[in-house]
Amino acid sequence: QVQLVESGGGLVQAGGSLRLSCAASGRTFSSYAMGWFRQAPGKEREFVAAIRRSGGSTYYADSVKGRFIISRDNAKNTVYLEMNSLKPEDTAVYYCAADLSFVSLYSGKPSDYWGQGTQVTVSS
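A. Broad picture of the overall build of the protein chain. Helix and strand counts for the protein chain come out as 1 helix and 11 strands. Reading the secondary structure of the protein chain in the N-to-C direction produces β-β-β-β-β-β-β-β-β-α-β-β. Based on the C-alpha atoms only, the size of the protein chain along its principal axes is roughly 40 × 25 × 25 Å. For the protein chain, the residues scored as buried account for 46% of the 124 residues in total. Look at the contacts in the protein chain between residues 6 or more apart in sequence, and 58% of them connect residues 24 or more apart. Summed over all atoms, the accessible surface of the protein chain reaches about 6,300 Å², with 47% contributed by carbon and sulfur.

B. Structural detail: the nonpolar core. By size, the foremost hydrophobic cluster in this structure holds 38 residues, and its most contacted members are Leu4, Met34, Trp36, Leu81, Met83 and Tyr94. Tyr94 has contacts with Glu6, Leu20, Trp36, Phe37, Arg38, Val48, Phe68, Leu81, Met83, Gly117, Thr118 and Val120, leaving out every residue within four places of it along the chain.

C. Here's a closer look at the state of the cysteines. Across all of its chains, the model carries 1 disulfide by this definition. Between the sulfur of Cys22 and that of Cys96 lies a disulfide, 1.9 Å long from S to S. Disulfide Cys22-Cys96: the torsion about the S-S bond is 40°, which places it as right-handed. With Cys22 in strand β3 (residues 18-24) and Cys96 in strand β9 (residues 92-99), this residue pair connects regions lying 74 residues apart in the sequence. Assessed through its relative accessible area of 0%, Cys22 is described here as buried. Under the relative-accessibility criterion, Cys96 is labelled buried at 0%.

D. Main features of the pattern of salt bridges. Scanning all chains against the criterion turns up 6 salt bridges. Put simply, Arg38 and Glu46 hold a salt bridge, and the shortest N to O gap is 2.6 Å. The exposure class assigned to Arg38 is buried, which follows from its relative accessible area of 5%. Residues Asp90 and Arg67 are paired through a salt bridge, measuring 2.7 Å at the closest nitrogen-oxygen approach. Taken as a pair, Asp90 in the loop between β8 (78-83) and β9 and Arg67 in the loop between β6 (58-60) and β7 (68-73) lie far apart in primary sequence, 23 residues in all. Each of the two residues, Asp90 as well as Arg67, counts as buried. One salt-bridge network, held together by shared partners, links Arg38, Glu46, Arg67 and Asp90.

Cut-offs applied
Counting from 1, residues in each chain are numbered in the order their sequence is written. For this predicted model, a pLDDT threshold of at least 70 governs which residues receive local features, and a threshold of 80 or more governs which side-chain atom pairs are given and counted, while totals over whole chains, interfaces and linings are taken from all residues. Only hydrogens and water are set aside; all other atoms, that is, all heavy atoms of the structure, feed into the side-chain values. A helix here means a DSSP run of H or I that spans at least four residues, while a strand means a run of E at least two residues long, and both kinds are numbered starting from the N terminus. For every residue, the accessible area (1.4 Å probe, protein chains only) is compared with the maximum for its type, and the residue is labelled buried under 20%, exposed over 50%, or partly exposed between those bounds. Residue contacts are defined here by distance: any two heavy atoms, one from each residue, within 4.5 Å place the two residues in contact. Under the convention used here, a 1.4 Å probe and the Shrake-Rupley method define accessible areas, while residue burial counts only the protein chains that appear. Definition of nonpolar core: a set of buried residues of the types Ala, Val, Leu, Ile, Met, Phe, Trp, Tyr and Cys, connected through side-chain atoms within 4.5 Å. Note on terminology: disulfide denotes any pair of cysteine sulfur atoms within 2.5 Å. Any Lys or Arg side-chain nitrogen found within 4 Å of a carboxyl oxygen on Asp or Glu counts as a salt bridge.

Structure (structure tokens):
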């Protein structure tokens, strides 16, 4: 069992930056690939970024590539999402997810565990 708690969301102006954190419980954090997803009002949840268990590989949605960076600290059981050059269309509730499969995170398969989400609002 893995419990995930996101933090770091808020209101930011377009062009600004935010850093989201997702703290995981349990001693098996390093066994899971981690991902970030987001859901805007009236839209389906979409994949944002994923990182392998070791942190050695990452994968991004085209819409955030070059602006967002996913990273993890296995010693702290935490995964991060650094968001730069934010746009109003980045406004959404951001969720972190854990999955035993890195590929599953970005291939559309429902992930094993989810956090409760944190709101990010980007004003124009």
